[in-house]
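Listed below, chain by chain, are the residues.
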Amino acid sequence: MSEHIEPSGIPHDELAAQVAAALPQWLPSQRWFGGKDREIDSVSAVSWTTLLDGDPLLLHLVVRVEQGDRRELYQLLIGSRQSQLPDVAAAASIGLEDGRTCYEASGDADLTACLLDFIAEGKRIGSMTFEHEPGADLTTGLRGHPITSEQSNTSLVYGHHHILKLFRKLGSGVNKDLVLHRALHELGSQQIAEPLGSISAEVDGEDVTIGMLQRFLPDAADGWVMATTSVRDFMADTAGLPPEELGGDFAGEAYRLGKAVATVHADLARALGTEQAGADDVRRAVDSMLARLERVSAQVPALARHADAVRPVLERVADVAVPVSTQSVHGDLHLGQVLRTVNGWLLLDFEGEPAASVAERAALASPLRDVASMLRSFDYAAQQLLVGQPDDPETTARAMSWARRNRAAFCDGYGKVAGQDPRDDAALLRALELDKAVYEVAYEHANRPDWLTVPMASIERILSEGE
Ligand SMILES: Nc1ncnc2c1ncn2[C@@H]1O[C@H](COP(=O)(O)OP(=O)(O)O)[C@@H](O)[C@H]1O
Ligand SMILES: [Mg+2]
């Protein structure tokens, strides 16, 4: 960065407006920006708060991004220094109209250190509120470093003690991730990373969650890494040993993971209640799955070829016995959202599907939706090694057998705790798995066409397995 803003030389509202004006160019290159599918019509500053004044300067900024009929709020941390520019990624640099430069400051540990301290102090600054959870034990004075595996949000790890997630796309009210973490923690859940604090800001007259602080588990292993390592070991074993004799067999973990997910579902039901969905609700759910099938089939010919076979499987859900019990669920459960600690499995990130609207995320659902979603993840773990490889029926069969074994173990574990095997609800589970696979077809078609083979192979498998 060669130039920068003189912090004293420009009023902060003007700086906020200038940054907003520069964002239509800058946002599309940010990994967390959810609107890459459309042109940006305009970006305007909705609110800004000076967190650190002078030099360096740290400004919290909420902007509204307009794209046709879509309007979303995003948050940014804007940093500016007169001298000693920090070593932040070039992609963080935001060039302003008059040739000066500032930067997105979540990678500047000198500046973000204050966020943790403000949470510990319970500070209010302008329209922003920093709070710690009752009884939270916080270590302060630590620097925050962004994790590299971030997806839809930006998370800062403070000295192996705490992790602060800054929600990028802002919803309204208290974020579902925070609501569910609080509810589970109150029950003493051992299957989550303890919530320690939060940051909220008044946006358009409403308090909106913009950050959540949790205990960081430095020694935890990522579920996706563990599962795919097991797949690799299994595929590499040319002696053809049965999976239970391989060192890297994952089925025991899949079983324990099933138990953990069922425990979280039971806790969520206890903490936040259940509702009974009647025939009309079920019909609406079926219609929305059918609508997704038609929408995606219209874009992806490979799916369209199977649509006639998928449709009756979705339709059959309309005949399930009502009422169907619904409750708060995870909403985006997969192997990349679970951590294995010495004490067992933890579930992370209860915000729901990134592409879903706030209302869709908050809607109660059958817990089988999470089960179906995790079952899909076992298929992904097994098949990701085959992406881009020449078709080899033997290798494919072996990958499928890993997935089959681990899906079954997961269901066994789930059923053990829930008291009912999820496979007993075969019609609903099958439809939910297909619906998820249709969603994946749309995602892969738009983002990673090479991977389309993964959900397509699963759709063919689910259809061929019958009931
Ligand atoms: N408490 C934690 N301890 C250790 N790692 C964590 C913790 N929380 C999150 N992570 C890591 O950060 C990643 C992103 O966190 P997540 O809550 O899923 O955010 P996002 O909404 O950006 O997906 C996780 O996949 C995991 O690798
Ligand atoms: Mg996540």
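The chain has the name Maltokinase in an unreviewed UniProt entry, where Aeromicrobium flavum is given as its organism.

A. Spatial organisation of the pairing of strand β10 (residues 162-166). For β10, a buried count of five out of five residues is recorded, marking the element as mostly surrounded by other parts of the structure. Burial along β10 is two-sided: the residues His162, Leu164 and Leu166 and Ile163 and Lys165 are all buried. With five bridges joining them, strand β9 (residues 154-158) and β10 adopt antiparallel strand pairing. Each bridged residue has a counterpart across the sheet, and for Tyr158 the counterpart in β10 is His162. Counting the residues that bridge the hairpin from β9 to β10 gives three residues, and of these Gly159 lies at a positive phi of roughly 50 degrees.

B. A look at the pairing of strand β5 (residues 101-104). With two bridges connecting them, strand β3 (residues 70-80) and β5 associate as antiparallel partners. Bridge pairing in β5 links Gly79 to Tyr103. Relative to β5, strand β4 (residues 93-95) runs antiparallel, the two being bridged by three bridges. Within β5, the position partnered with Ser93 by the bridge is Tyr103. Between the end of β4 and the start of β5, which pair antiparallel, lie five residues, with Gly99 showing a positive phi angle near 90 degrees.

C. Structural detail: the site of ligand 1. Of all residues adjacent to ligand 1, which total 16 residues, the nearest are Asn153, Lys165, Arg215, Leu217 and Asp349. Between ligand 1 and Asn153, the relevant distance is 2.7 Å, taken from an oxygen atom to a side-chain nitrogen or oxygen of the residue. For ligand 1, the protein covers 91% of the area, taking 550 Å² as the surface of the free molecule. Partitioning the shell around ligand 1 into residue classes produces seven nonpolar, six polar and three charged.

D. The arrangement of the side chain of His162 in detail. Along the chain, His162 falls in strand β10. Judged by its relative accessible area of 3%, His162 falls in the buried class. A distance of 3.0 Å separates the side chain of His162 from the backbone nitrogen of Thr139, its partner in a polar contact. Every residue in contact with His162, bar those within four places of it in the chain, is listed here: Leu116, Asp137, Leu138, Thr139, Leu142, Leu156, Val157, Leu196, Leu213, Gln214 and Phe216.

E. Highlighting the sheet that holds strand β12 (residues 195-203). In space, the seven strands of this open sheet follow the order β6-β7-β12-β13-β10-β9-β8, with antiparallel pairing throughout. Pairing within the sheet leaves two strands with one partner each, and these edge strands are β6 (124-125) and β8 (144-146). With three bridges connecting them, β8 and β9 associate as antiparallel partners. When the bridges of β9 are listed, Pro146 appears paired with Leu156.

F. Summary view of the coordination of the magnesium ion (ligand 2). Protein coordination of the magnesium ion (ligand 2) is provided by Gln337 (OE1) and Asp349 (OD), with donor distances spanning 2.1 to 2.4 Å. Linking Gln337 in the loop between β16 (324-327) and β17 (338-341) with Asp349 in the loop between β18 (344-347) and α9 (358-362), this pair joins segments that are 12 residues apart in sequence. An identical accessibility class is assigned to Gln337 and Asp349; each is buried.

G. Representation of the packing of helix α10 (residues 368-383) against helix α12 (residues 426-447) in the model. Relative to each other, α10 and α12 sit at 55 degrees, their axes nearing to 9 Å. The angle between α10 and α12 places the two elements in the oblique class. When you trace α10 past α12, the crossing you get is right-handed. The segment α10 lies against α12, with Leu368, Arg369, Val371, Ala372, Ser373, Leu375, Arg376 and Tyr380 engaging Leu428, Leu429, Leu432, Glu433, Asp435, Lys436, Ala437, Glu440 and Glu444. Class assignment for the residues of the contact of α10 with α12 results in nine nonpolar, one polar and seven charged.

H. The packing of helix α4 (residues 223-236) against helix α11 (residues 393-418), seen in detail. The interhelical angle for the contact between α4 and α11, taken along N-to-C directions, is 135 degrees, at an axis separation of 10 Å. Of the possible angle classes, the one that applies to α4 and α11 is oblique. Both α4 and α11 take part in a crossing whose hand is right-handed. On α11, the residues touching Ala227, Ser230, Val231, Phe234 and Met235 of α4 are Thr395, Arg398, Ala399, Ser401 and Trp402. Of the residues that constitute the contact of α4 with α11, the class distribution is six nonpolar, three polar and one charged.

I. The arrangement of α11 in detail. Counted at 1.5 Å a residue, the expected span for α11 with its 26 residues is 38 Å, and the 36 Å between its end C-alpha atoms agrees. Burial in α11 covers these residues: Ala399, Met400, Trp402, Ala403, Asn406, Arg407, Ala409, Phe410, Cys411, Gly413, Tyr414 and Gly415. Close packing links the buried residues of α11 with α4, α5 (251-272), α10 and α13 (453-465). Gly419 lies just past α11 and shows a positive phi near 85 degrees.

J. Examining the packing of aromatic side chains more closely. As enumerated under the stated definition, the model contains 11 aromatic pairs in all. Summarising the aromatic geometry, the rings of Phe250 and Trp402 are spaced 6.1 Å apart at their centres and angled 25 degrees between planes, so their arrangement reads as stacked. Linking Phe250 in the loop between α4 and α5 with Trp402 in helix α11, this pair joins segments that are 152 residues apart in sequence. For the pair Phe250 and Trp402, a shared accessibility class is recorded, and that class is buried. What links up through ring pairs into an aromatic cluster is the set Phe250, Trp345, Phe378, Trp402, Phe410 and Tyr414. Geometry around Phe234 places Arg398 over its ring, the cationic atom sitting 4.1 Å from the centre.

K. The arrangement of the layout of surface pockets in detail. For the second largest pocket, the calculated volume is near 520 Å³. Lining the second largest pocket are 21 residues, and of these Ser366, Pro367, Leu368, Gln420 and Asp425 sit closest to its centre. Listing elements by their share of the lining of the second largest pocket, those giving two or more residues are α5, β16, α11 and α12. Per-class residue counts for the lining of the second largest pocket are 14 nonpolar, five polar and two charged.

The rules behind these values
Residues numbered from 1 in each chain as written. Chains lettered and ligands numbered in written order. Predicted model: local features only at pLDDT ≥ 70, side-chain atom pairs only at ≥ 80, totals over all residues. Heavy atoms only, no water. Buried < 20%, exposed > 50% of the residue type's maximum accessible area, 1.4 Å probe, protein only. Helix = DSSP H or I, 4+ residues; strand = E, 2+ residues; numbered from the N terminus. Pairing = 2+ DSSP bridges. Near = heavy atom within 4 Å. Polar contact = N/O pair within 3.5 Å; in protein donor to acceptor, adjacent residues only side chain to side chain. Areas by Shrake-Rupley, 256 points an atom, 1.4 Å probe, with all protein chains shown as cover. Nonpolar A, V, L, I, M, F, W, Y, C, P; charged D, E, K, R; others polar. Contact = heavy atoms within 4.5 Å. Donors = N, O, S within 2.8 Å, 3.2 Å for Na, K, Ca; no water. Axes fitted to C-alpha atoms, helices over the stretch in contact; angles between N-to-C directions. Parallel < 35°, antiparallel > 145°, perpendicular 65-115°, else oblique. Left-handed = near helix turned anticlockwise from the far one by under 90°. Expected span 1.5 Å × (residues − 1). Phe/Tyr/Trp six-rings, centres within 6.5 Å; stacked < 30°, edge-to-face > 60°. Lys NZ or Arg CZ within 6 Å of the ring centre and 35° of its normal. 1 Å grid on protein atoms, 1.4 Å probe; cavity = no way out; pocket = protein on both sides within 12 Å on 5 of 7 lines; lining within 4 Å. Points joined across faces, edges and corners; volume = space filled by probe spheres on them.

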